[in-house]
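Fold and geometry: a report
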Amino acid sequence: MSRKIQNDPGLSILLIEEVSGAIAGRLVDRIGDLTRSSVVDGLAVLAAKRPAVVLFCLESYSVLNLGLVTTISGLDARRPLILIGGHIDQGQILPFLDAGGTDFLVSDALTPDVLDQMCKRKGNQYRKLRVQTRTLNRRQMAVENLQDSLAVIEQDQKIGANVQRLMMPDSPCIFRSFRVAHDIRPALILSGDFIDYGEMQDGRLLFCLADVSGHGAGSAFVTVLLSELFKRFLNQRTDSTDISPESALSGFNQQLCNAAFEQHVTMLIGVVDEASNHLDYACAGHFPPAILRTGDQAQFLNSGGLPLGLLRSAEYHSQHLTLPDQFELLVCSDGVFEGITAESLEDKERHLMDFVAGNNGRFDNFLTRLFQREGEPLSDDVAVLSILRES
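Scoring rules and cut-offs
- Residues numbered from 1 in each chain as written.
- Predicted model: local features only at pLDDT ≥ 70, side-chain atom pairs only at ≥ 80, totals over all residues.
- Heavy atoms only, no water.
- Helix = DSSP H or I, 4+ residues; strand = E, 2+ residues; numbered from the N terminus.
- Rg over C-alpha atoms; globule rule 2.2 N^0.38 Å.
- Buried < 20%, exposed > 50% of the residue type's maximum accessible area, 1.4 Å probe, protein only.
- Contact = heavy atoms within 4.5 Å.
- Lys, Arg positive; Asp, Glu negative; His and termini not counted.
- Salt bridge = Lys/Arg side-chain N within 4 Å of Asp/Glu carboxyl O.
- Polar contact = N/O pair within 3.5 Å; in protein donor to acceptor, adjacent residues only side chain to side chain.
- Core = buried A, V, L, I, M, F, W, Y, C linked by side-chain atoms within 4.5 Å.
- Patch = residues over 30% accessible without salt bridge, like charges linked within 9 Å, V, L, I, M, F, W, Y side chains within 5 Å.
- Areas by Shrake-Rupley, 256 points an atom, 1.4 Å probe, with all protein chains shown as cover.
- Phe/Tyr/Trp six-rings, centres within 6.5 Å; stacked < 30°, edge-to-face > 60°.
- Expected span 1.5 Å × (residues − 1).
- Pairing = 2+ DSSP bridges.
- pLDDT = per-residue confidence, 0-100.
- Axes fitted to C-alpha atoms, helices over the stretch in contact; angles between N-to-C directions.

**Description of the overall build of the protein chain**
For the protein chain, the helix and strand inventory stands at ten helices and 16 strands. Relative to a compact globule of 391 residues, whose C-alpha radius of gyration would be 21 Å, the protein chain shows 39 Å and is clearly more extended. Expressed along its principal axes, the backbone C-alpha trace of the protein chain runs to roughly 110 × 45 × 35 Å. Counting every position in the protein chain, which comprises 391 residues, the buried fraction comes to 46%. If you take every contact in the protein chain between residues at least 6 apart in sequence, the share linking residues at least 24 apart comes to 67%.

Dropping the structure here:
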């Protein structure tokens, strides 16, 4: 007594017969959703039913019959195409497989139970493959959409980077007896480091270097505000307004606190007076300290202060320094230490100081020579500002 097999009503099977009724009903009556079709109508029925398995019962292996097998295989190579029949030899099986067929069930192996089981297993495998393919396609589409979005963001950031470069002063520049130069290398496309300098109305040189916390667009947007604040301060009337470095930091701090950015800003801002040969500067948590080089000797200047944008009541104080006739003032962002390969911070500081002391004011390829490497990605933005007077 044959075992009753539970039909799968959701599994559609198409049986294409060259001769109608060639396959006895007893062989296929276990199959739940079976549609019979002639060779001529095979493609039309396939399109209408979209079966999970296609059975072929062919009397001959003509160009027409094998062409149908090839066409159906080409439409979906995952779909099982099974040749069935009671008397089929190797000479008939091979052309079927060459045409795109996937399996065959012939002679004594062709029983109702075996045919039903093969259809179910092959059909379920096919449906799983289709689900996997749809999932992969959706994921691929999501990846492509993400790539397109990233490409748009990258293009926008490149435009933003160009705007940032336009905000920066020329480098190098000559202000009276000073050569002023700078370099900024962002870790990403946009930079959170900011440099500006210019001549005040009374002829003094105003400069600053700022480092906005974080990376990317958010930090870069803050530099736009810093540029505007610096320009306002630079253009103030020197005969009626307090334009000391400490007043600049106090004003910048109030503006950043009002803006309520998530980022805070470290900054060193200073004024060089050629006439009196003095440097006035103030720090807002800037690290590393500015470096003053005289001849082949270099030293860190005093620093301190609270970063801008954290506390409205923060107070800042100017430092006063008489400058030698020949000197270089160098200000860096803390990203400079990311590019130095020494192990400890103390070793990194020593390497920086030794390099500046022996560099003799040369600024071309400064960061490349300092880091002693080229082309490697940076983990933090790096900025350096040099003010040099040689005579």
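**Some points on the side chain of Asp193**
Within the secondary structure, Asp193 sits in strand 8 (residues 193-199). Although Asp193 is buried, it makes no salt bridge; Arg185 carries the closest opposite charge, 11 Å away. Among the polar contacts made by the side chain of Asp193, one reaches the main-chain amide nitrogen of Ala383 at a distance of 3.3 Å. In this structure, Asp193 is in contact with Met168, Ile184, Ala210, Asp211, Thr223, Ser333, Asp381, Val382 and Ala383, ignoring residues within four places of it in sequence.

**A few points about the nonpolar core**
If you look at the biggest cluster of nonpolar residues, it comprises 27 residues, and the most contacted ones within it are Leu206, Leu226, Leu249, Val265, Met267, Ile269 and Leu308. For this core, the secondary structure elements donating two or more residues are strand 9 (205-212), helix 6 (217-234), helix 7 (245-259), strand 10 (265-273) and strand 11 (278-284). Of the residues forming this core, the biggest block, six residues, is contributed by helix 6. For Ile269, the contacting residues outside a window of four places in its chain are Leu206, Phe207, Cys208, Pro245, Ala248, Leu249, Phe252, Asp280, Tyr281 and Ala282. Counting 24 residues, the second largest nonpolar core, distinct from the first, contains Phe207, Leu268, Tyr281 and Ala383.

**Some remarks on a nonpolar patch on the surface**
A cluster of nonpolar side chains, contributed by Leu146, Leu150 and Ile153, occupies part of the molecular surface with about 280 Å² of accessible area. In this structure, Leu150 sits in helix 5 (residues 112-167).

**Some details on the packing of aromatic side chains**
Going through the model one piece at a time under the given rule, you end up with seven aromatic pairs. Centroid distance Phe56 to Phe96: 5.6 Å. Interplanar angle 65°. Geometry classified as edge-to-face. You can see Phe56 sitting in strand 3 (residues 53-57) and its partner Phe96 sitting in helix 4 (residues 90-99), a full 40 residues away along the chain. For Phe96, a relative accessible area of 0% corresponds to the buried category. Between Phe233 and Phe252, the aromatic rings sit 6.4 Å apart at their centres with planes inclined by 75°, giving edge-to-face as the arrangement. With Phe233 in helix 6 and Phe252 in helix 7, the pair connects residues that are 19 residues apart, well separated along the chain. According to the relative accessible area criterion, Phe233 is buried, its value standing at 5%. Among the aromatic side chains, those forming a connected cluster through ring pairs are Phe355, Phe363 and Phe366.

**A few points about the environment of Ala217**
Relative to the assigned elements, Ala217 resides in helix 6. On the basis of relative accessibility, which here comes to 27%, the residue Ala217 falls in the partly exposed class. The sequence separation of Ala217 and Val336 amounts to 119 residues, and the corresponding C-alpha distance is 21 Å. Excluding residues within four positions of it along the chain, Ala217 makes contact with Gln157 and Leu190.

**Looking at helix 3 (residues 63-75)**
Taking 1.5 Å of rise per residue, the 13 residues of helix 3 would be expected to cover 18 Å, and the 18 Å separating its terminal C-alpha atoms lies within 8% of that figure. Those residues of helix 3 hidden inside the fold are in contact with strand 1 (12-17), helix 2 (42-49), strand 3, strand 4 (81-85) and helix 4.

**Some thoughts on the side chain of Ser73**
Mapped onto the secondary structure, Ser73 falls in helix 3. According to the relative accessible area criterion, Ser73 is buried, its value standing at 16%. Sequence-distant contacts of Ser73, defined by excluding residues within four places in its chain, comprise Leu81, Ala99 and Gly100.

**Examining the pairing of strand 11**
Counting buried positions over the seven residues of strand 11 gives five, a clear majority of the element. Once strand 10 ends, the chain turns through four residues before running back antiparallel as strand 11, passing Asn277 with a positive phi of about 60°. Here strand 11 runs beside strand 14 (residues 319-322); their pairing, made up of four bridges, is antiparallel. Residue pairing for strand 14: Leu279 is matched across the bridge by Leu321.

**What to know about the pattern of salt bridges**
Inspection of every chain in the model, using the stated rule, returns 13 salt bridges. Close ionic contact of Arg176 with Glu199 constitutes a salt bridge, the shortest N to O distance being 3.1 Å. Linking Arg176 in the loop between strand 6 (173-175) and strand 7 (178-185) with Glu199 in strand 8, this pair joins segments that are 23 residues apart in sequence. Owing to a relative accessible area of 39%, Glu199 belongs among the partly exposed residues under this scheme. Among the ionic pairs, Arg350 bridges to Asp347, the shortest N-O distance being 2.8 Å.

**Here we look at the confidence of the model for the protein chain**
Parts of the model with low pLDDT should not have their predicted coordinates read in detail. Put simply, the protein chain has an average pLDDT of 88, and 94% of its residues get 70 or more. Across residues 1-7 the pLDDT falls below 50, and counting only partners more than four positions away or on other chains, this stretch makes 16 contacts in the model.

**Here's the deal with the sheet that holds strand 3**
Within the open sheet, the five strands sit side by side as 2-1-3-4-5. Their pairing is parallel. Pairing within the sheet leaves two strands with one partner each, and these edge strands are strand 2 (33-38) and strand 5 (103-106). The mean angle between the axes of side-by-side strands here comes to 25°, regardless of whether they run parallel or antiparallel. The sheet contact formed by strand 1 and strand 3 spans five bridges and is parallel. Its bridge partner being in strand 3, Leu14 is matched across the sheet by Val54.

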